[in-house]
Amino acid sequence: MRMYLALAFLFLGAKSALFAQFTVSGRVTSSNGEILAGCHIHVGNAYVNADKSGIFSISLPQGKHTVSASFVGYESESKTILVASDQMVDFVLQIDVSALSEVVVSSGTSNANTQPRQTLKSAQIENYSNASLGDLVKEISGVSSLKTGSTIVKPVINGLHSNRVLVINNNVRLEDQQWGLEHAPNLDVNTAGSVAVVKGAAGLQYGGDAIGGVIIVDPPKIPIKDTLYGRAILNAATNGQGGSASSSVFKGYKNGWNWKVQGTLKYLGDLEAPDYVLSNTGIREKNFSAGFGFKGEHSGFDAFYSYYNAEIGILRASHIGNITDLVNAINNGQPAVMNDYTHDISSPKQQVQHHLAKLNYYRDWHHGRLDAQYSFQFNNRLEYDVRRGDNANRAALDLDLATHSLLIDFTSDKSKNLRFKTGISGSYQNNVASIDTGVRPLIPDYDKIDLGAYVTSAYDVSDKWRLEAGLRYDYSHVDATKFYLKSRWNERGYDQDFAHFITGDFGTQWKTNPVFTYHNLSASAGSKYKLGENLNWFVNVSLARRNPNPSELFSDGLHHATGQIELGDLRLKQETSVKASTTFSYATDKLAIEINPYINQISDFMYLQPTGLEYTIRGAFPVWEYRQADARLTGIDVTVDWDFLKNLNYHSTFAYVYGKNLDSGKPLIDMPPANWNNGISFKKKEWSEFSVGLRHEWVFFQNQYPNNDFTADVLVDGNPTPVLVQISRPPKAYSLLHFTSQISLDAIPKVKTTIVFGIQNLTNTAYRDYLNRMRYYADDMGRNFTLQLKFNF
């Protein structure tokens, strides 16, 4: 009996030793000592996440195990340990420099953890080194572009653009006369380390007026270690017979200090359509940026300066002298001016300079982080018309815009399940419209003060369900000085409604002092729910309000860049948007599908509409007036990414939006037509990272548009003849084919050399795009062979 008991105890003891569990714990920090809360720790199929202090604990049986730590933006680290008792294992992760340059598209709330995200690798940013921000983000489903020719490109998110889309450059809200339909964002895409697009008004920390969305451009991050690295990109293009060169150098120190410097030069001549030269469409850019900073254990700062300088030619044939020129341009089907190719740029053209300087300081404070930032921007915009005599080299529009901004933000991570962020902002803006142009300023002098406060929070209900909510208040005060012709003042009915704005009588003109004050409340609420191992469901509802911009309020005269008379309205009210969207996101190792339907109800939607003709000493010009109406935008964005074979990938995006004027029952003007992009690519890393791809771009006919055609007297054989001016009908649908290929070489020691060859519009298709303001006068750009050399050192 005693022998059986001894054997039983021996067996139980052996079994106990075999299945004994020991605790492996530790702390995860970054190379500069920052806590990496939420870091993923896994051993085989078991995993845990580090808590808010970076501490983790996991139970493991006796034996040999490999423990791995991974965190977004950092290099993963693995350690093999022999477990025979409780023990400590700490991880210090290094920043992954290769993962810092990417384009991220987020739909819904402002917290990335509760949103579906589409990520484009750094190479895709670099592939647009010779292009613009508007061209870059167009790669994303639901993001299109409003163009003036092929060189002025404004982003459009779910059918909305200009002041409804905020651009945040290095945490600074870009203020660059963005009200203009032909005013592209004044920044160099080569400064971007990451670009994020938040669809809808959920980016409350950036502003409550982002009815369309927010584009966030951040510079590359520099690791905390002794390192010196950089890149140089050379671009050449056959269409335009020019190219660009961009170079960046980054220096990091182990003690936390860092600096960087970057510059870009771009030089292109006339672009070409398949059948003719697009005269006077060259572009020049001279851009520079530099910064330095310090990242300590609990505090740090960052200083940054950028300079953007561009001279952009406007299609010469688009300069119309009167309504007869417009009719002839529409009816002829080809440009009225077709000169030989040249690199020269003459009038009409734009010259833009933009300075941005900022200083940011942060420190750990009360279980969170406190950020304070001051920024200054100065924007000078010159627009040149075709003028004669002494005015030939004199700008027709000269605007100086200075903006001072202050931000203070606090982010708290005291609670594991509940996090919040709050902040206040203030800005002062001064706009000066020069009277030395000899032309009545389209936009007046004004001062503007903005104040805002917001709070956002995220709460983890469970491992599967997260809720978010945010609230923001904004105050805005505009004080303008403007001269109105008395005839225009009375015609608009201002003598009855705004007599109190008059401060002086100057014969045929009133000197006025329009003053407006606005109070706005914005809000957002969102949810993320994990329906299955690979399926997530996102829901977001947002409220946003936008004030009339200076162009919408004060425009009064001929806009020389567009050849039309534009009239603002002092009676315009704030527009209010209520947007609801939902997203289903399915992702496995080989297949990712994202479907995002939405509806955006906008009260008092502001839009520009042709209303007739006005006769001047130069002839008759179309008159466009700012109007308001209730509107509804409904649409859907779809993205599919599928690795259907080992080295083959299929990528597809589809976007559709329908805008309706609820007051008139007619479609809204300038809504993007449905578009469907399909691409297939082959990649073989073992073949010197070789890749080749073909992409098909299909833009449908926009059959939903308002009929704003009008009749005008046009000289036919010397006699005034009534003619229908058909400015409304969109151009035909079109499809384009694009080719790209890439290979990396080790031709230079310690330098990775990448050669990229591409062909845009492979079949040299002649087409016109509905959202290109030059579509009345000429075809879009034809075939373009491009060659890019990238040197990473």
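The structure displayed is predicted, hence computed values, not measured ones.

Visitor: Honestly, the overall build of the protein chain in this entry has me stumped. Any pointers?
Guide: Secondary structure assignment for the protein chain yields seven helices and 46 strands. Its C-alpha atoms give the protein chain a radius of gyration of 29 Å, near enough to 28 Å, the size a compact globule of 793 residues would have. Counting all 793 residues of the protein chain, 52% fall into the buried class. In the protein chain, once contacts between residues fewer than 6 apart in sequence are set aside, the share between residues at least 24 apart is 65%. Taken as two groups, the 74 positive and 77 negative side-chain charges of the protein chain have centres that lie 6 Å from each other.

Visitor: I tried to follow unusual backbone geometry on my own but got confused; where do I start?
Guide: Peptide bonds are mostly trans, and most non-glycine residues show a negative phi. Residues Ser-347 and Pro-348 are joined by a peptide bond in cis, for which omega reads 0°. Structurally, Pro-348 is set in the loop between helix H4 (323-332) and strand S24 (349-364). Not every positive phi belongs to a glycine, and Asn-761 is a case in point at roughly 55°. Residue position: Asn-761 is located in the loop between strand S45 (751-760) and strand S46 (784-792).

Visitor: Help me understand the pattern of salt bridges in this model?
Guide: Two side chains bearing opposite charge may form a pair once their charged atoms approach each other closely. Using the criterion set out here, one finds 31 salt bridges in the structure. The partner of Arg-440 in a salt bridge is Asp-556, and the shortest N-O contact between them spans 3.1 Å. Residue Arg-440 is found in the loop between strand S27 (418-433) and strand S28 (445-460), and its partner Asp-556 is found in strand S34 (residues 556-559); the two are separated by 116 residues along the sequence. Judged by relative accessible area, which is 31%, Arg-440 ranks as partly exposed. The class of Asp-556 is buried, set by a relative accessible area of 5%. Here Arg-488 ties to Glu-491 by a salt bridge, and the two come within 3.5 Å at their closest N and O atoms. In this pair, Arg-488 and Glu-491 are both assigned in helix H5 (residues 486-491), three residues apart and thus about one turn of the helix distant. When its relative accessible area of 10% is taken as the criterion, Arg-488 is described as buried. We classify Glu-491 as exposed; its relative accessible area is 54%. Salt bridges sharing common partners tie together Arg-164, Arg-546, Glu-552 and Glu-575.

Visitor: How do you make sense of the sheet that holds strand S2 (residues 40-43) when you look at a structure like this?
Guide: The pairing of strands in a sheet happens through backbone hydrogen bonds and is either parallel or antiparallel. As summarised here, the arrangement of the four strands in space is S3-S2-S5-S6, forming an open sheet in which the pairing is antiparallel. Looking at which strands have only one partner, the edges of the open sheet turn out to be strand S3 (46-49) and strand S6 (77-83). Ignoring which end each strand starts from, the neighbouring axes of this sheet average 20° apart. Pairing of S2 with S3, which is carried by four bridges, proceeds in the antiparallel orientation. Within the sheet, the bridge partner assigned to Ile-41 lies in S3 and is Val-48.

Visitor: How do you make sense of the pairing of strand S41 (residues 690-699) when you look at a structure like this?
Guide: As a general feature of sheets, a regular strand has side chains that alternate between the two faces. Pairing of strand S40 (residues 675-684) with S41 involves ten bridges; the strand directions are antiparallel. By the bridge assignment, Ile-680 is partnered in S41 with Leu-694. Turn length for the S40-S41 hairpin, with the two strands adjacent in sequence and antiparallel, is five residues, and the turn residue Ser-688 shows positive phi of about 55°.

Visitor: How should I be thinking about the side chain of Thr-281 in this particular structure?
Guide: For Thr-281, the location among the structural elements is in the loop between strand S21 (277-278) and strand S22 (283-295). The buried category is assigned to Thr-281, whose relative accessible area is 10%. In this structure the side chain of Thr-281 is engaged in a polar contact, spanning 2.6 Å, whose partner is the backbone oxygen of Leu-278. Each residue touching Thr-281, except ones within four places of it in the same chain, is listed here: Thr-151, Gly-269, Asp-270, Leu-271, Gly-313 and Leu-315.

Visitor: Just to check I follow, could you spell out the packing of aromatic side chains for this structure?
Guide: Geometry of an aromatic ring pair is reported as the spacing of the ring centres plus the angle between the planes. Scanning all chains against the criterion turns up 28 aromatic pairs. A centroid spacing of 6.3 Å and a plane angle of 15° characterise the contact between Phe-516 and Tyr-518, whose relative ring orientation is stacked. A relative accessible area of 12% means that Phe-516 is categorised as buried. Looking at Lys-349, its charged tip hangs above the ring of Tyr-384, at a distance of 5.0 Å from the centre. The ring of Tyr-362 has Arg-369 sitting right over it, with the charged end atom 3.9 Å from the ring centre.

Visitor: Sorry, what's going on with the nonpolar core here?
Guide: Proteins that are soluble and globular tend to have nonpolar side chains buried together. By size, the foremost hydrophobic cluster in this structure holds 46 residues, and its most contacted members are Phe-554, Leu-570, Val-725 and Tyr-777. No other element matches H4, which puts four residues into this core. Contacts of Leu-570, omitting those with residues within four sequence positions, involve Tyr-484, Trp-489, Tyr-494, Phe-498, Phe-501, Phe-516, Leu-553 and Phe-554.

Visitor: Would you explain the side chain of Ser-728 in this entry?
Guide: With respect to the secondary-structure elements, Ser-728 resides in the loop between strand S43 (719-725) and strand S44 (734-748). A polar side-chain atom of Ser-728 sits 2.6 Å from the main-chain amide nitrogen of Asn-708. Of the polar contacts made by the side chain of Ser-728, one reaches the side chain of Asp-709; its length is 2.9 Å. Excluding its chain neighbours within four sequence positions, the residues that come into contact with Ser-728 are Tyr-705, Pro-706, Asn-707, Asn-708, Asp-709, Tyr-770 and Arg-775.

Visitor: So what exactly am I meant to see when it comes to the environment of Gly-659 here?
Guide: Structurally, Gly-659 can be placed in strand S39 (residues 648-661). You can call Gly-659 buried: its relative accessible area is 2%. Spatially, the C-alpha atoms of Gly-659 and Gly-635 are 8.7 Å apart, while their sequence positions differ by 24 residues. Among all residues touching Gly-659, those that are not within four sequence positions of it are Arg-632, Leu-633, Pro-667, Leu-668 and Met-671.

Visitor: Hey, could you run me through the confidence of the model for the protein chain in this one?
Guide: Low pLDDT marks regions whose predicted coordinates should not be analysed in detail. A residue-level look at the protein chain finds 92% of positions with pLDDT of 70 or above and a mean pLDDT of 88. Of the regions scoring below 50 in pLDDT, residues 97-113 engages in 73 contacts with residues more than four places distant in sequence or in other chains.

Visitor: What's the story with the environment of Asn-678 in this structure? I'm lost.
Guide: Looking at the secondary structure, you find Asn-678 in strand S40. The spacing of Asn-678 and Arg-695 is 17 residues in sequence and 5.6 Å in space, taken between C-alpha atoms. Apart from residues lying up to four places away in sequence, Asn-678 is in contact with Tyr-650, His-651, Ser-652, Leu-694, Arg-695 and His-696. At a separation of 3.0 Å, a polar atom in the side chain of Asn-678 contacts the side chain of Ser-652.

Visitor: How do you make sense of H4 when you look at a structure like this?
Guide: Considered for burial, the residues of H4 that qualify are Ile-323, Thr-324, Leu-326, Val-327 and Ala-329. In the segment just after H4, Gly-333 is the residue with positive phi, at about 80°.

Visitor: Which parts of the structure should I look at to understand the environment of Val-83?
Guide: Counting through the fold element by element, Val-83 comes out in strand S6. For Val-83 and Asp-344, which are 261 residues apart along the polypeptide, the C-alpha to C-alpha distance reads 73 Å. Excluding anything up to four places from it in sequence, Val-83 contacts Phe-22, Val-24, Leu-60, Pro-61, Gln-62, Gly-63 and His-65.

Visitor: Would you take a moment to explain the pairing of strand S5 (residues 63-70) for this structure?
Guide: Alignment of S2 against S5, held across three bridges, turns out to be antiparallel. Bridge pairing in S5 places His-42 opposite Ser-68. Alignment of S5 against S6, held across seven bridges, turns out to be antiparallel. Along S6, the bridge assignment pairs His-65 with Ile-81.

Cut-offs applied
- Residues numbered from 1 in each chain as written.
- Predicted model: local features only at pLDDT ≥ 70, side-chain atom pairs only at ≥ 80, totals over all residues.
- Heavy atoms only, no water.
- Helix = DSSP H or I, 4+ residues; strand = E, 2+ residues; numbered from the N terminus.
- Rg over C-alpha atoms; globule rule 2.2 N^0.38 Å.
- Buried < 20%, exposed > 50% of the residue type's maximum accessible area, 1.4 Å probe, protein only.
- Contact = heavy atoms within 4.5 Å.
- Lys, Arg positive; Asp, Glu negative; His and termini not counted.
- Charge placed at Lys NZ, Arg CZ, Asp CG, Glu CD.
- Salt bridge = Lys/Arg side-chain N within 4 Å of Asp/Glu carboxyl O.
- Pairing = 2+ DSSP bridges.
- Axes fitted to C-alpha atoms, helices over the stretch in contact; angles between N-to-C directions.
- Polar contact = N/O pair within 3.5 Å; in protein donor to acceptor, adjacent residues only side chain to side chain.
- Phe/Tyr/Trp six-rings, centres within 6.5 Å; stacked < 30°, edge-to-face > 60°.
- Lys NZ or Arg CZ within 6 Å of the ring centre and 35° of its normal.
- Core = buried A, V, L, I, M, F, W, Y, C linked by side-chain atoms within 4.5 Å.
- pLDDT = per-residue confidence, 0-100.

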